[in-house]
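One-letter residues, chain by chain:
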Amino acid sequence: MTYLDYNATAPVRPEVRQAMLDAMRAPGNASSIHHYGRSARKLLEDVRAKLAKLVDANPADIVFTASATEANHLALQGLPRGTRVLASAVEHLSVLKQPIDPQIIPVDGNGVVDLGALEALLAGSDQPTVVSVMIANNEIGTIQPLAEVVTLAKRYGALVHSDAVQAVGRLPLSFAELGLDLMSLGFHKCGGPVGVGALVMRPGLTLNPYLYGGGHERQLRAGTHNIPAIAGLGALMDRLLSEGEVERQQQGVLQQRLERGLQAFGAAVTIIAAKAPRLPNTCCVGIANVAAEQQLIKLDMAGVAVSSGSACSSGKVGASRVLQAMNIAPALLQSTIRLSWGWATTAADIDALLQAYQQLLPKVGDKVGDKAAASASAQTDTRQIPLAI
Ligand code: PLP
């Protein structure tokens, strides 16, 4: 089976799994005073330091949570009551679904946030404001102009939060250089564990807790630490700190191979947000008037697991709100799929997708899939990625 759905979740890396299993051998509540508690505390703080190194932040400014969803809620609900949230139209629902609805910043046809509209919203009120714009989108991969967003927000005295979940392991990340106030992280899209997320805070910024109970995480996030998941995160950090750049380049090589192959199919195929800077591991692609549901099923039958570019609930695929916000042509709105890859993906996986894709293009001719795969191999670096599931 070829797995191309990393933006939903990635296969867990072997070293992450091993670190989690090792951590599960001993009891360990990092708040306990005894030997086991102290070794859990040491592990927790070591991993916090590694994470801080990866994202260029202070360890003391990192709050562990149980998920990225929770980090987004802590960021936006932890600010003083009455803070207005301005969020881009393509944010994850864990940003958009807040007790008070955010005001929406529109995006252009490539999913890039409209800076003029942001400025008008900032200028339109002197209420305390936080701007929430993700680093990169989970459906289309578009990378947002965060430096410009931060400059504008600061001009109007607003704070900036960014959801960096899809950027981890795919882009170099410097919290300090980005000039952000808050940044949410998750780790299971790049081979890390579920069950742990993090919020990075600007030094000196104060938040109100979102969960109350024990005094964990400097009173900011109550709840016993998930030490096995945090141990797995430590193994992920070791890998990304040593091989992150190599992995990012490999993702980019696969993207070239895939997109050249798709382009060889001709006008039947549209790559969404093709003109925007995008993550090296994501491609949202549409075949006009061929329902995403049908594409998913056919690819699944051909042994390729992908996701639709659309929200999937109760097994039914609806129109994607991200694509709607981008004003994508109606013929493509319910006809796109999302391909996303990562640490275990090989060139052979990309070729398997291109071959399977041929079946979705009945009118284009039998040889087109072979031609697409051949074209991809001819034009791209054909080195096999050494990591395999
Ligand atoms: N933000 C983005 C951009 C995401 O893609 C996701 C996961 O799909 C989340 C936040 C939430 O992550 P989790 O479900 O792990 O809490």
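Rules behind the numbers
- Residues numbered from 1 in each chain as written.
- Predicted model: local features only at pLDDT ≥ 70, side-chain atom pairs only at ≥ 80, totals over all residues.
- Heavy atoms only, no water.
- Near = heavy atom within 4 Å.
- Polar contact = N/O pair within 3.5 Å; in protein donor to acceptor, adjacent residues only side chain to side chain.
- Areas by Shrake-Rupley, 256 points an atom, 1.4 Å probe, with all protein chains shown as cover.
- Helix = DSSP H or I, 4+ residues; strand = E, 2+ residues; numbered from the N terminus.
- Nonpolar A, V, L, I, M, F, W, Y, C, P; charged D, E, K, R; others polar.
- Domains from an automatic or database assignment.
- Contact = heavy atoms within 4.5 Å.
- Buried area = accessible area lost by both parts, 1.4 Å probe.
- Salt bridge = Lys/Arg side-chain N within 4 Å of Asp/Glu carboxyl O.
- Pairing = 2+ DSSP bridges.
- Axes fitted to C-alpha atoms, helices over the stretch in contact; angles between N-to-C directions.

Caption draft 1: Up close: the site of the ligand. Around the ligand, the surrounding shell holds 13 residues, and the nearest of these are T69, D163, Q166, H188 and K189. Here T69 contributes a side-chain N or O atom positioned 2.6 Å from an oxygen atom of the ligand. Q166 has a polar side-chain atom sitting 2.8 Å from an oxygen atom of the ligand. Compared with its free state, where it exposes 400 Å², the ligand has 83% of that area covered by protein. At three residues, helix α3 (residues 68-77) tops the list of elements feeding residues into the shell around the ligand. Residues belonging to the shell around the ligand are distributed by class as follows: three nonpolar, eight polar and two charged.

Caption draft 2: Geometry of the domain arrangement of the chain. Under the domain assignment, the chain is made up of domain 1 (2-6 + 245-379) and domain 2 (14-239). Taken together, the 26 residues of domain 1 in the interface contact 31 residues of domain 2. Between domain 1 and domain 2 lies a buried interface of about 2100 Å² when both sides are counted; carbon and sulfur atoms form 56% of it. Where domain 1 touches domain 2, the interface holds zero salt bridges. For the interface between domain 1 and domain 2, the tally reads seven residue pairs in polar contact (both at pLDDT 80 or more). Mapped onto the side of domain 1 that touches domain 2, the elements with two or more residues apiece are α8 (227-263), β10 (282-287) and α10 (321-325). Of all the elements, α10 adds the most residues to the side of domain 1 that touches domain 2, at four residues.

Caption draft 3: View of the sheet that holds strand β6 (residues 159-163). Taken in spatial order, the seven strands line up as β2-β8-β7-β6-β5-β3-β4 in an open sheet, and their pairing is mixed. Among the strands making up the open sheet, the edge pair consists of β2 (62-65) and β4 (103-105). Between one strand and the next, the sheet's axes are offset by a mean angle of 20 degrees, whatever the strand orientation.

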